[in-house]
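Each chain, letter by letter, is given below.
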2 protein chains.
Amino acid sequence: MGKLCFGVDLGGTTVKMGLFTVEGSLLEDWEIPTRKEEKGAYVIDDIAESILNKITENALNREDIVGVGIGVPGPVTPTGIVKGCVNIGWGDTAVEELLKDKTGFPVKAGNDANVAALGELWQGGGKGNSSLVMVTLGTGVGGGIVLGGKIITGANGAAGEIGHMSVVYDETETCNCGKKGCLEQVASATGIVKEAKRFLASGNEDSSLRSIENFSAKDVFDEAKKGDAIAVKTVERLGEYLGIALGHIACVVDPDVFIIGGGVSKAGGFLIDTITKYYVEKTYPQCKKTPIKLATLGNSAGIYGAAKLVIE
Amino acid sequence: MGKLCFGVDLGGTTVKMGLFTVEGSLLEDWEIPTRKEEKGAYVIDDIAESILNKITENALNREDIVGVGIGVPGPVTPTGIVKGCVNIGWGDTAVEELLKDKTGFPVKAGNDANVAALGELWQGGGKGNSSLVMVTLGTGVGGGIVLGGKIITGANGAAGEIGHMSVVYDETETCNCGKKGCLEQVASATGIVKEAKRFLASGNEDSSLRSIENFSAKDVFDEAKKGDAIAVKTVERLGEYLGIALGHIACVVDPDVFIIGGGVSKAGGFLIDTITKYYVEKTYPQCKKTPIKLATLGNSAGIYGAAKLVIE
């Protein structure tokens, strides 16, 4: 057997884990619960124990393990200190050092959104490229930037905070971040529903959305695909602002490829086509052909990217 | 004498050259004309000859020279091929290989805007940092991105093309790049004059600018400093869009510092204060304190950055 590594994706509810070959094959994946008792004091021990058990269970040779990568829901310094994880209960935590002490393996840590981007570059929608910008459209809008195979974290850990680009100049409500007009306010699942409700409230136009109680972002896309005018307007609006934002990003880092992930990306080619239409109009001529593609690893992007962290 | 290197900044009219210590002291700088005859066929020879003459003239030891860096006005591939320089008359030119053959020294080439950003990071307004975004406000608006001490070029050589971020949604004229609403259309010297003329034409408001024939961007800043309402409106508009653009950039790469250079930056602290006012309002909370500073190397940024290209 060749060289192996572990990828760990630490979430607020579960820890996803994977055993990989260094070439990028996922041999096995599993989950353990995230024990948040006593401010997450047991989390590192639980992860270490699970890794060591997996080695015993599969009779792996310790010499074949190149290391453990871990994605965490908080900003990570270049020296491997997590600057607080609200979801886990952690304050500043030297996750690399602690997990290395418990397992005996080299450990590399990264922010979970950035790590997912690295995963998509390695074995997902961005495979075969050296740079990528990933946009995750979920409850909020997150992102990750990988250039020359390396995650960009930024001076304040804010690189890739694409959801908070102030692109919507006419927004009147305040975003969670305290500003007005963030991309997240129109392109997150929450934002999509809010925008559709605004269109509905602004007039009496017929819309199939009026008959769906507590409709979701998915409902908006489904009705837009059927041609409902209000749903179409909502999708066009998010596509326009995503196109503008990706156009801006191309003028800054000019990536090989854009990858769209997160729950909202299940809208598929319809979403990609809408974004691309506006992107082509709004970006620098040299970047018009940069592909905008769907993420392919889903919830596994985090374990793939984490594993890649420890592979040079 | 310690180790030395040459920095070369190839422009359409002159070639600026500098002899540096690897620690960053400029020992001597000089210029030669750019011979554009026969599609720039003599340019590399002229540069090589000037370098070799300088070595003889100063009785330098060839072993002390670590190499030659050169900034060129066109996109450069990672293998040192310039993909055409319209200003010089060059088509695709293997500038690194050619200049190495003529001088015998290692050569590294980069795009001039990117190289100037590297110079400002090394010994200019960004000194002491590891990442920087430079915005050059001249006839157009250019830029350069340096992260972890390395220039970001992008998949299409378009990284740092900040002037073409489509931030002005209500623009009706078309930019040189073919789009509408580029930052360059309000924040370049040309754009500033055009915007002031628009404000003047839109009403009969008194303005000292009405009595200045063929006023310049400098005139607009001078009159704004004196409180002329139209001039102030023009400066506020460019400050707002620059603040928005830098706010976007912070959400993408989150640099240590922003550096503002180019002729328009001679407006000084007044310009910086106006940009900062809007930046703080429009960027992600974690990045609000990122300093926005003036470039300090002026026209020498290019030779500094070029020299830095060959120093590891």
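Residues numbered from 1 in each chain as written. Chains lettered and ligands numbered in written order. Predicted model: local features only at pLDDT ≥ 70, side-chain atom pairs only at ≥ 80, totals over all residues. Heavy atoms only, no water.

> How should I be thinking about the environment of Gly 11 of chain B in this particular structure?
Residue and element names in this part refer to chain B. In this fold, Gly 11 is placed in the loop between strand 1 (4-10) and strand 2 (14-21). For the pair Gly 11 and Thr 77, spaced 66 residues apart in the sequence, the C-alpha separation amounts to 19 Å. What Gly 11 contacts, discounting residues up to four positions off in sequence, is Thr 34 and Ile 88. (Helix = DSSP H or I, 4+ residues; strand = E, 2+ residues; numbered from the N terminus. Contact = heavy atoms within 4.5 Å.)

> How should I be thinking about the interface of chain B and chain A in this particular structure?
Interface size is commonly expressed as the accessible surface area that is lost when the partners come together. Of the residues lining the interface, 40 residues belong to chain B; the matching set on chain A comes to 40 residues. Interface of chain B and chain A: buried area, both sides summed, is about 3,000 Å²; carbon and sulfur atoms make up 62% of it. The tally of links from chain B across to chain A stands at 0 salt bridges. Between chain B and chain A we count 20 residue pairs in polar contact (both at pLDDT 80 or more) in total. Elements represented by at least two residues in the side of chain B that touches chain A include exactly strand 9 (141-147), helix 8 (229-252) and helix 9 (269-282) of chain B. Among the elements that take part in the side of chain B that touches chain A, helix 8 of chain B stands out by supplying 7 residues, more than any other. (Buried area = accessible area lost by both parts, 1.4 Å probe. Salt bridge = Lys/Arg side-chain N within 4 Å of Asp/Glu carboxyl O. Polar contact = N/O pair within 3.5 Å; in protein donor to acceptor, adjacent residues only side chain to side chain.)

> Would you mind going over helix 10 (residues 301-309) of chain A with me for this structure?
Think of an α-helix as turning once every 3.6 residues; residues three or four places apart then point the same way. Across the 9 residues of helix 10 of chain A, 8 count as buried, placing the element largely inside the fold. The complete set of buried residues in helix 10 of chain A reads Ala 301, Gly 302, Ile 303, Tyr 304, Gly 305, Ala 306, Ala 307 and Leu 309 of chain A. (Buried < 20%, exposed > 50% of the residue type's maximum accessible area, 1.4 Å probe, protein only.)

> Just checking my understanding: could you explain the sheet that holds strand 11 (residues 257-261) of chain A for this structure?
Sheet strands line up and pair through hydrogen bonds in the backbone, either parallel or antiparallel. Residues and elements named next belong to chain A. Within the open sheet, the 5 strands sit side by side as 10-9-8-11-12. Their pairing is mixed. Edge strands, defined here as strands with exactly one partner in the open sheet, are strand 10 (150-151) and strand 12 (292-294). Across 2 bridges, the pairing between strand 9 (residues 141-147) and strand 10 is antiparallel. Pairing of Leu 147 across the sheet is with Lys 150, part of strand 10. Sitting on the sheet, helix 9 (residues 269-282) is in contact with strand 8 (132-137), strand 11 and strand 12, with an inclination near 165° to strand 12. (Pairing = 2+ DSSP bridges. Axes fitted to C-alpha atoms, helices over the stretch in contact; angles between N-to-C directions.)

> Sorry if this is basic, but what is going on with the environment of Leu 271 of chain B here?
All names here are of chain B. Examined against the element boundaries, Leu 271 turns out to sit in helix 9. Judged by relative accessible area, which is 0%, Leu 271 ranks as buried. C-alpha separation for the pair Leu 271 and Gly 247, spaced 24 residues apart in sequence, amounts to 16 Å.

> What exactly am I supposed to notice about the side chain of Ser 188 of chain B here?
Residues and elements named next belong to chain B. Turning to its location among the elements, Ser 188 is positioned in the loop between helix 5 (184-187) and helix 6 (189-201). Residue Ser 188 is classed as buried on the basis of its relative accessible area of 2%. Within the local environment of Ser 188, its side chain forms a polar contact with the backbone oxygen of Glu 184, the two atoms lying 2.7 Å apart. In contact with Ser 188, other than residues within four places in its own chain, are Gly 138, Thr 139, Gly 140, Val 141 and Val 264.

> Before we go on, may I ask you to explain the relation of the copies chain B and chain A in this structure?
What relates the pair of chain copies is a rotation about an axis plus a shift along that axis. The transformation that overlays chain B on chain A combines an axial shift of 0.0 Å with a rotation of 180°, and the residual RMSD is 0.0 Å. Read as a symmetry element, the transformation amounts to a two-fold axis. Comparing interface residues between copies, 100% of those in chain B also lie at the interface in chain A; the contact surface is shared. (Least-squares fit on C-alpha atoms with pLDDT ≥ 70 in both.)

> Got a minute to help me understand the nonpolar core in this structure?
Across soluble globular proteins, you tend to see nonpolar side chains buried next to one another. Residues Leu 183 of chain A together with Leu 183 of chain B are the most contacted members of the largest nonpolar core, which totals 108 residues. Among all residues touching Leu 183 of chain A, those that are not within four sequence positions of it are Val 141, Ile 162, Gly 163, Met 165, Val 167, Tyr 241, Leu 242 and Ala 245 of chain A. (Core = buried A, V, L, I, M, F, W, Y, C linked by side-chain atoms within 4.5 Å.)

> Would you mind going over the confidence of the model for chain A with me for this structure?
Detailed reading of the predicted coordinates is not advisable wherever pLDDT falls low. Residue-level pLDDT values for chain A average 95, and 100% of them are 70 or greater. Listed scores for the predicted complex are pTM 0.94 and ipTM 0.93. (pLDDT = per-residue confidence, 0-100.)

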